[in-house]
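Examining the three-dimensional arrangement
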Amino acid sequence: MAEEGRSEETDAVERKKQKGGFRTMPFILANDFCDRLANVGFSSNLISYLTLQLHLPLVEASNIITNFNGTANLTPLIGGLIADSFAGRFWTITSGSVFYQLGMVFLTLSAVIPSLSPPPCAKNATDCQRPSSSQIAVLYLALLCTSIGTGGTRPCIMAFGADQLELDAHGRPRDAKPRWSFFNIYFFGIELAKLTAATAVVYVQENVGWGWGLGIPTITMLAAVVAFVSGYSLYVRMPPGGSPLVRLAQVTTAAFRKRKAVVPDPSLLYQDKELDAGISTAGRLLHTDQLKFLDKAAIVTAGDMLPSGEPRLWRLSTVHRVEELKSIMRMLPIWAATILLVTSGSHNSSFAIQQARTMDRDITPRFRIPPASMLIFTNITMLLTLTFYDRVLVRVLRRRTRHPTGITHLQRTGVGMTLAMVANAVAAVVERRRRSVAAANGLLDAPKATVPMSVFWLVPQYAIHGVADAFMDVGRMEFLYDQAPESLRSTAAALYWLTNSMGSYLGTLLVTVVHDKTRRSGQWLQDNLNRGKLDSYYWLVVALQVLNLVYYFVCVKYYTFKPLETTGDDKEVELDHVNGNGDGDTKKDVLR
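The rules behind these values
- Residues numbered from 1 in each chain as written.
- Predicted model: local features only at pLDDT ≥ 70, side-chain atom pairs only at ≥ 80, totals over all residues.
- Heavy atoms only, no water.
- UniProt positions renumbered as here; feature names shortened; annotations may be inferred.
- Helix = DSSP H or I, 4+ residues; strand = E, 2+ residues; numbered from the N terminus.
- Contact = heavy atoms within 4.5 Å.
- Areas by Shrake-Rupley, 256 points an atom, 1.4 Å probe, with all protein chains shown as cover.
- Buried < 20%, exposed > 50% of the residue type's maximum accessible area, 1.4 Å probe, protein only.
- Polar contact = N/O pair within 3.5 Å; in protein donor to acceptor, adjacent residues only side chain to side chain.
- Expected span 1.5 Å × (residues − 1).
- Pairing = 2+ DSSP bridges.

If you check an unreviewed UniProt entry, the protein chain appears there as Protein NRT1/ PTR FAMILY 3.1 from Urochloa decumbens. For the protein chain, the Subcellular location (unreviewed entry) comment in UniProt is given as "Membrane". Annotation of the protein chain in UniProt includes, under Sequence similarities (unreviewed entry), the sentence "Belongs to the major facilitator superfamily. Proton-dependent oligopeptide transporter (POT/PTR) (TC 2.A.17) family."

Okay, structure coming up:
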């Protein structure tokens, strides 16, 4: 009986050890694939739905889209904090998927039920009936639910997937880590979903109807929820480590209370391995010399300890907790530099699609490419670039730089920022030519007429944006995940989406300011693109990108990577000065 009991106990331990790994990827990536297919299935062509079905003006529709994208990328900050604080990543993802499903149902109903949308325009009519306040309310309710849903899925799915490959069932780092980057595979899956949505789903929307065009993503989202929950028993589920915001607030408060204290030698600052055990399973953060004011939170003074010997956390913090706050603060300047990246590409889902609608889109006498399907050229080039980068470019660069991934995350992001700037310069040149062709053919006052210029002139700008995204999206996500303290990784992923949020809101602000300031001198952005000056808007974005790129290089030059303490089997302590790729040069020392 005893042997049988030990056998059952051993089997249970073995099953626990087998959790996570590659076998969980189908469930996680299937969820995200379906999620993105649903999202892109309606958002990529949302400009057409708002202008053609709801009869909203171009600038108003564009601002609704950027505001929606801003909100959808702001809620992940809240979702990340909820996951890190008490809910855990699994349940946060599941709850978010359900909310997203509700939003898609509301949006589909608004397209299917006639009373939820304005009547069609009369033939050749220029003035169409605007949607009523109740119809707009249903639209906003749908967009709000999907925004709440993304708050649960986006900040957690990447960190949750990376956990399956990097951690064992006990939350400790695996001995053998995967050789390929999870984030490369993750973004590859995203772009594959976008490609499917921008072709098949957009085609249905344009040629079959919005009921089926939105119904397909709705059904797909239901499949995403089922796929993810099905893998419940296989996942490594890291328990939440308590509210990270509370810990950061405790450090700030303790440092402020001791603002007049003199910082002693770093070896005298407060350490408590047991207290930090739950938030430092991969290793404690080591002291750094930057932001020394915060070190005052770890100075032990009278009244800092309870009678039980435990610290009063609003008066005394450990070095690890101080360094958590330092790590986040060091990341913020570089994080802020990536906000304009989103702004610089936001017009691809609004103005560029309207450009495509005015151009010759005939492929064959019976087939015309939908305007929103031009996004496939961004998706295709990103897919090809990710594959080429992993299989060819890394090996070539590794020989030159001797770096495990060829170039660092920060260098990869910088390359992407430069290419995004080039893409917008190309967009400006192409738009100027499009307007010239329209003028030469007497179409300046015929906004609905087809300009005799192939829509494939837009391919270079979309393609370069795709290459840029392959560099900067993966680079900035890996940087945030790698440099964030382990207990703040969902929050760090939320910072990625917060970048998209602020970039979208900045896009709305930029469009509104340009629209207002150019009203007297000849409006740059108007419903009739042939009379507008969209190319001038693109050049303005390029100028802002140049300034932003200079700021980014300055931030990178002075950035300090986090030093991490990990304990090996030989009882030695490894001081891993992570260099932005998780494979940095390792220095060994023995703590005395």
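Now that the structure is up, let's keep going.
It is worth spelling out the overall build of the protein chain at this point. Check the secondary structure of the protein chain and you find 18 helices and eight strands. Looking at the protein chain alone, contacts between residues at least 24 apart form 80% of all its contacts between residues at least 6 apart. If you sum the accessible surface of the protein chain, you get close to 26,400 Å²; carbon and sulfur atoms cover 61% of it.

Relative to the assigned elements, G414 resides in helix α15 (residues 409-440). The class of G414 is buried, set by a relative accessible area of 5%. G414 sits 138 residues away from Y552 along the chain, and the two C-alpha atoms are 7.8 Å apart. Here G414 is in contact with L549 and Y552, once residues within four sequence places are set aside.

So, on to the side chain of R435. Considering the arrangement of structural elements, one finds R435 in helix α15. For R435, a relative accessible area of 18% corresponds to the buried category. Looking at R435, its side chain comes within polar contact range of the side chain of D535, at 3.2 Å. R435 has contacts with L444, L529, N530, G532, K533 and D535, leaving out every residue within four places of it along the chain.

What UniProt calls "transmembrane region" (unreviewed entry) maps, in this numbering, to residues 183-204, 210-235, 369-389, 410-430, 494-515 and 536-554. Spanning residues 183-204, this segment combines 100% helix with 0% strand, and its end C-alpha atoms are found 31 Å apart. The span residues 369-389 shows a helical share of 67% and a strand share of 0%, and its end C-alpha atoms are spaced 30 Å apart.

Leave glycine aside and you will find that most residues have negative phi; peptide bonds, for their part, are mostly trans. With a phi angle near 60°, H55 is a residue other than glycine that sits in the positive phi range. Summarising the element assignment, H55 is placed in the loop between α3 (46-53) and α4 (58-87). Its relative accessible area of 10% is what places H55 among the buried residues. At L291, a residue that is not glycine, the phi angle is positive and equals roughly 50°. Inspection of the secondary structure puts L291 in the loop between β1 (284-285) and α11 (319-337). We classify L291 as partly exposed; its relative accessible area is 36%.

Taking 1.5 Å per residue, 24 residues should reach 34 Å; helix α18 (residues 534-557) reaches 35 Å between its end C-alpha atoms and fits that length. Among all positions of α18, only L534, D535, Y537, Y538, V541, V542, Q545, N548, L549, Y552 and C555 are buried.

Residues V451 and M453 of strand β5 (residues 451-454) are buried on one face, while the alternating residues P452 and S454, pointing to the opposite face, are not. Pairing geometry for strand β2 (residues 359-360) and β5, over two bridges, is parallel. The residue bridging D360 from the neighbouring strand is S454, located in β5.

Before going further, it helps to examine the environment of R257. Among the secondary structure elements, R257 is positioned in helix α9 (residues 244-257). Along the sequence, R257 and A297 sit 40 residues apart, while their C-alpha atoms lie 8.1 Å from each other. In this view, R257 contacts W314 and R315; residues no more than four positions away in its chain are not counted.

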